[in-house]
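Read off the chains here:
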Amino acid sequence: MTHRPGSDGDPARPRRGSGFGLLTPEDWYRIPLQPPERREASVRALIDRQFKGVDDQPILRRESEELLRGAAEAGADKGGVVLYLSFMDVSGVPLSASLLVSVVKERFRALDTVAALAREGQGEVEPVKLPAAGAAARRRRTERSRESKRLGTEFADTVVEYFVPVPGRDETLMLTFSTPLEPIADAMAELFDAVAGTLRWPNHDHNHNDNDNENENGETAWARS
C-alpha cells in the first residue's frame, strides 16, 4: 500500500489543524472532492491517463468522463471529501472497487450507532476497534446500484461501511467501500477491512511529526511509523 492523505474538515471549507491518514493500494486513484476546481482537475487527469494514446474513441472518452464526473459530484453531495477508485487487476481481470470518505455532522456513540444501524435491518452490523483510529461501527450489506440495474447484471454490489468518531469533534468519519464483484465479495471485504485498519489521526498520534505538511485543503501528510 502507498500513502494517501485525507481531510476530516468541512467539505466546503476544510478546517486546518486536523486530518486523517489512510493507506490504499497503489492502483487506487484518489480524487479530492473539494473544492470543485480540484475535483474537476482530478477527473480530467484520470481521463487523460486512461485514454493516453487513444485518439479514435471520442464518444467513449466523453461518456467515461461524464460518468466519472457524475460519480464525483454525487460523492461531494453526500458530504464526501475524497473518492478513491480501484484500477487493480489480477491476471488481467479488473478488481473494480470504490471508497468514499465523508463527514457526518453528528457525534459518534459506538453502541448507539451500532444499535441504530441494526434497527435499519440492512446488512450485518458489529462494533469494531481499528488499530490506530479506535472504536468504530462496521456494516456490511448488499445493494442493487443504479449502474448494475442499468446494465442488467445479476450481481448486487457489496458495500462495507465504517463509522469512526473524529477526535475532539461532534463529527463522524464514514468510510464507504463498494464493489460489484459479488463472486469474490468476501476477498474484497477483507481488502476493505485492511484499508480501514490503516486509518489514523496524525495530529493525535504520539509519533506525529510537527514538521509534517498540511496543504491548503486542511489535508495532513503523514508517514506510517
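For the structure, check the block above.
A short tour of the structure in this document, coming up. These numbers were taken from a predicted model, which means no experiment stands behind them. (Residues numbered from 1 in each chain as written. Predicted model: local features only at pLDDT ≥ 70, side-chain atom pairs only at ≥ 80, totals over all residues. Heavy atoms only, no water.)

**Examining the sheet that holds strand S4 (residues 80–86)**
Right, on to step 1. Overall, antiparallel pairing links the seven strands, which are arranged S3-S4-S7-S11-S10-S9-S8 in an open sheet. The sheet terminates laterally at strand S3 (28–32) and strand S8 (124–130), the two strands that pair on one side only. Taking each pair of neighbouring strands and ignoring which way they run, the sheet shows an average axis angle of 20°.
Right, on to step 2. Relative to the sheet, helix H5 (residues 185–196) contacts S3, strand S7 (98–104), S8, strand S9 (134–143), strand S10 (157–165) and strand S11 (172–179), its axis offset from that of S11 by approximately 155°. (Pairing = 2+ DSSP bridges. Helix = DSSP H or I, 4+ residues; strand = E, 2+ residues; numbered from the N terminus. Axes fitted to C-alpha atoms, helices over the stretch in contact; angles between N-to-C directions. Contact = heavy atoms within 4.5 Å.)

**Section: unusual backbone geometry**
Generally, phi is negative for residues other than glycine and the peptide bonds are trans, each holding for most cases.
Right, on to step 1. The step from Gln34 to Pro35 runs through a cis peptide bond, and the omega angle for that step is -5°.
Right, on to step 2. Within the secondary structure, Pro35 is located in the loop between S3 and helix H1 (36–50).

**Here we look at the pairing of S9**
Right, on to step 1. Where S8 and S9 come together, seven bridges link them in antiparallel fashion. Looking across to S9, one finds that Val128 is bridged to Ala136.
Right, on to step 2. The loop that links S8 with its antiparallel partner S9 comprises three residues.
Right, on to step 3. Pairing of S9 with S10 involves seven bridges; the strand directions are antiparallel. Within the sheet, the bridge partner assigned to Thr142 lies in S10 and is Thr158.

**Side note on the environment of Ala45**
Right, on to step 1. With respect to the helices and strands, Ala45 occurs in helix H1.
Right, on to step 2. With a relative accessible area of 35%, Ala45 lands in the partly exposed category. (Buried < 20%, exposed > 50% of the residue type's maximum accessible area, 1.4 Å probe, protein only.)

**Overview of the nonpolar core**
Right, on to step 1. Ranked by internal contacts, the top residues of the largest apolar core, which has 30 residues, are Val101, Phe177 and Leu199.
Right, on to step 2. Broken down by secondary-structure element, the contributors of at least two residues to this core are S4, S7, S10, S11 and H5.
Right, on to step 3. With six residues, the single largest contributor to this core is H5.
Right, on to step 4. Beyond its immediate sequence surroundings of up to four residues, Val101 is in contact with Phe20, Leu22, Gly80, Val81, Val82, Tyr84, Leu173, Met174 and Leu175. (Core = buried A, V, L, I, M, F, W, Y, C linked by side-chain atoms within 4.5 Å.)

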